[in-house]
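# A structural walkthrough
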Amino acid sequence: MKKKSCYIMTGILLAMALTSACADGRAGKAEEAENVMESSEGMASETAAQDLSDGGAQDQETEGQEAKDTATASITPDLNHNGTAEEVRLTDLDDGQGQRLEIWENDVLVCQKDGYYAHTGQTSVFLCTLDGEDYLLRYNPAMYQGVCSYEYVLFTLADNKEKMVHYDYVDFDINFGSPVHGDFDAEAIADFMDEINELLSHSVQLLNTNRDLQGTFEKEGRLYDSLWWLDDQEPPVFARDESKTLQENLRDYQTAMTAAQKPMIIEEADSLPITEPLEMSFCSGAGAWMTVITLNPDGSFVGDYADTDAGAGTIYVCQFHGQFGQVGQITDNSWLLTMEALELDTGHSVGEEWDVTEEDYTIRYVSSDPYGFDDLDWKALEPGAKFILYSPDATGHQPGTELYGAREFQSWMHDRHGFDSEADILGCWGLQNMTSGRGFFADVDE
């Protein structure tokens with residue numbers, strides 16, 4: 001699980017106890033959020049929004065506040081903090097697939113957010129008032145196949161541009177018992193929910209196309225996210241205990257759901273399910289980088305990674321080879337592999353640089369770790385690392401199928417598509433690094 005807070009203070013004091021400090025490691029999500037905010041000029045729009053609701057006052061009481069259903073003209077915030085009240089407008093999109101939130105000041109469109117009812121376009125936007133200052137709060141509690149990424153951004157419209165004030169997120173996985181199950185940190189989830197619910201207690205809902213979130217607000221009778229999926233199980237599997245804290249209920253949920261899963265039975269296999277060498281690649285489809293491996297029927301493999309920075313005249317490279325063993329069949333279309341050996345063949349230590357000049361043109365090479373066969377810290381995997389090999393017939397449309405919940409792996413598919421029914425199959429051989437989730441894929445005709 002990744003949980004991180006990043007503060008960008010603009011001379012204000014947030015009227016709440018935000019206890020998360022900037023965590024160590026990469027700040028990828030916070031940087032991404034900030035880039036989105038900085039790139040949003042005054043009339044910027046966004047693909048995420050939801051059913052809009054209103055409230056009478058800008059600052060709500062925590063207790064007993066009801067989630068409204070419509071926005072009203074009585075909401076007149078000052079989101080750019082220039083002393084002039086803005087006008088809030090909500091309209092249906094022409095195709096009926098969502099709604100549009102607009103913030104106007106003196107007949108000038110300052111901010112626009114488009115929200116869609118379809119899962120990938122859902123979002124929610126709120127007017128949040130702290131210490132008499134107005135902010136916009138965007139909250140996206142996203143779940144795909146049981147893999148959850150909850151995040152929020154608190155921002156102003158300073159100079160009629162979106163300026164991030166605070167950002168936080170938490171990732172977790174509720175696919176307990178799955179071979180691709182990720183992390184579930186009850187304390188981190190509860191801490192995040194405390195933060196967003198504190199902000200929501202000072203907010204008025206402007207836009208909300210997330211039906212699960214809207215249903216939670218209606219159930220609670222206020223803007224409070226109590227995590228709808230905690231109530232999605234039938235006793236005796238799990239039932240929320242209202243006398244316990246959210247963190248305690250999350251721990252109980254984790255224990256109960258783990259115990260309810262059927263043990264995964266892995267049958268020992270004599271060899272890999274292939275009869276000839278299989279070439280597979282790990283790439284994004286954008287950028288001048290790729291890792292290509294050749295996987296042999298005996299479990300041996302060789303690989304080559306290259307990433308070209310043409311502007312700097314530099315190529316990052318890694319050649320490697322290794323061996324898979326301890327093959328176990330999980331399902332008819334998936335096999336668990338243990339990496340028994342990984343050796344780098346680049347001929348230079350990682351980080352070492354050298355120049356090669358040909359016809360008066362010099363290229364600088366940098367020895368690197370094997371991207372795709374590395375961990376979350378970008379370091380080469382150690383022996384014992386686990387992989388899953390998927391056949392082209394692997395599916396992922398429901399819990400218990402091979403690819404259900406393997407969101408990171410699915411994101412690297414060359415031919416990206418959804419898994420909505422039994423007819424939706426992987427369509428090619430795939431190899432998943434269980435440490436990082438990254439995936440190698442054969443060409444469709446392999």
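Since this is a predicted model, take the numbers as computed values, not measurements.

## Comments concerning the overall build of the protein chain
Counting secondary structure elements, the protein chain contains five helices and 20 strands. Within the span of the protein chain, comprising 446 residues, buried residues form 49% of the whole. For the protein chain, restricting intrachain contacts to residue pairs at least 6 apart in sequence, the fraction spanning at least 24 positions comes to 57%.

## Section: the sheet that holds strand S2 (residues 87-92)
To summarise the sheet geometry, strands pair through backbone hydrogen bonds and adopt either a parallel or an antiparallel arrangement. Pairing is antiparallel across the open sheet formed by three strands, whose spatial order is S2-S3-S4. Two strands bound the open sheet, and with one partner strand each, they are S2 and strand S4 (108-116). The mean inter-strand angle of the sheet, taken between neighbouring strand axes irrespective of direction, is 20°. Note that S2 and strand S3 (residues 98-105) share six bridges and pair antiparallel. Of the residues in S3, the one forming a bridge with Leu90 is Leu101.

## Notes on the packing of aromatic side chains
For any pair of aromatic rings, the description consists of the separation of the ring centres together with the inter-plane angle of the planes. Taken as a whole and judged by the stated rule, the model has 33 aromatic pairs. Ring geometry for Trp229 versus Tyr253: centroids 5.3 Å apart, planes at 55°, classification tilted. On the criterion of sequence distance, the pair formed by Trp229 in the loop between helix H3 (211-220) and helix H4 (246-260) and Tyr253 in helix H4 is long-range, its members being 24 residues apart. Each member of the pair Trp229 and Tyr253 is classed as buried. What links up through ring pairs into an aromatic cluster is the set Phe282, Trp289, Phe301, Tyr305, Phe320, Phe324, Tyr371, Phe373, Trp378, Phe387, Trp412 and Phe440. Over the aromatic face of Tyr117 sits the side chain of Arg211, whose NZ or CZ is 5.0 Å from the ring centroid.

## Concerning the pattern of salt bridges
All told, the structure shown has ten salt bridges when counted by the stated rule. A salt bridge links Asp114 to Arg100, with the nearest nitrogen and oxygen atoms 2.5 Å apart. With a gap of 14 residues between them, Asp114 in strand S4 and Arg100 in strand S3 connect regions that are remote in the sequence.

## Comments concerning the confidence of the model for the protein chain
Regions with low pLDDT should not have their predicted coordinates read in detail. In this model, the protein chain carries an average pLDDT of 85, and 83% of its residues clear a pLDDT of 70 or more. Ranking the elements of the protein chain by mean pLDDT puts strand S1 (residues 3-7) last with 39 and helix H2 (residues 186-200) first with 98. Confidence drops under a pLDDT of 50 for residues 38-72, and excluding neighbours within four residues, the segment shows 124 contacts in the predicted structure.

## Considerations on the packing of H2 against H4
For the pair H2 and H4, interaxial distance at closest approach is 9 Å and the crossing angle is 145°. When you trace H2 past H4, the crossing you get is right-handed. On H4, the residues touching Ala186, Glu187, Ile189, Ala190 and Met193 of H2 are Leu246, Gln247, Leu250 and Arg251. Of the residues belonging to the contact of H2 with H4, the class tally is six nonpolar, one polar and two charged.

## Structural notes on the environment of Ala85
With respect to the element layout, Ala85 can be found in the loop between helix H1 (28-39) and S2. Taking the C-alpha atoms as reference points, Ala85 and Trp104, 19 residues apart in sequence, are found 9.0 Å from one another. Other than its neighbours up to four places away in sequence, Ala85 contacts Thr76, Pro77 and Glu105.

## Digging into the environment of Ala423
In this fold, Ala423 is placed in the loop between helix H5 (407-411) and strand S19 (430-433). Taking relative accessible area as the criterion, Ala423 reaches 64% and is therefore assigned exposed. For Ala423 and Gly396, which are 27 residues apart along the polypeptide, the C-alpha to C-alpha distance reads 9.8 Å.

## Things to note about the nonpolar core
In terms of nonpolar packing, the biggest core is built from 44 residues, with Met280, Phe324, Leu337, Met339, Phe373, Phe387 and Leu431 touching the most fellow members. Where this core is concerned, the elements lending two or more residues are strand S11 (278-282), strand S12 (289-295), strand S13 (300-309), strand S14 (314-331), strand S15 (334-344), strand S18 (386-390) and strand S20 (439-441). Not counting chain neighbours up to four residues away, the residues in contact with Leu337 comprise Leu272, Phe324, Gly325, Gln326, Val327, Ala385, Lys386, Phe387, Leu389 and Leu431. Counting residues in each nonpolar core, the second largest holds 38 residues, with Cys128, Phe184, Leu223 and Leu230 among its members.

## Some thoughts on the pairing of S4
With seven of nine residues buried, S4 is to be regarded as a mostly interior element. In this sheet, S4 lies alongside S3 in antiparallel orientation, the contact comprising eight bridges. In the sheet register, Gly98 faces S4, and the bridge partner there is Tyr116. Where S3 folds back on S4, the antiparallel hairpin that results is connected by two residues, among which Asn106 adopts a positive phi of roughly 50°.

## Here's the deal with the environment of Ala269
Mapped onto the elements of the fold, Ala269 is located in the loop between strand S10 (267-268) and S11. For the pair Ala269 and Ile330, spaced 61 residues apart in the sequence, the C-alpha separation amounts to 9.9 Å. Not counting residues up to four positions away in its chain, the partners in contact with Ala269 are Val327 and Gly328.

Rules behind the numbers
Residues numbered from 1 in each chain as written. Predicted model: local features only at pLDDT ≥ 70, side-chain atom pairs only at ≥ 80, totals over all residues. Heavy atoms only, no water. Helix = DSSP H or I, 4+ residues; strand = E, 2+ residues; numbered from the N terminus. Buried < 20%, exposed > 50% of the residue type's maximum accessible area, 1.4 Å probe, protein only. Contact = heavy atoms within 4.5 Å. Pairing = 2+ DSSP bridges. Axes fitted to C-alpha atoms, helices over the stretch in contact; angles between N-to-C directions. Phe/Tyr/Trp six-rings, centres within 6.5 Å; stacked < 30°, edge-to-face > 60°. Lys NZ or Arg CZ within 6 Å of the ring centre and 35° of its normal. Salt bridge = Lys/Arg side-chain N within 4 Å of Asp/Glu carboxyl O. pLDDT = per-residue confidence, 0-100. Left-handed = near helix turned anticlockwise from the far one by under 90°. Nonpolar A, V, L, I, M, F, W, Y, C, P; charged D, E, K, R; others polar. Core = buried A, V, L, I, M, F, W, Y, C linked by side-chain atoms within 4.5 Å.

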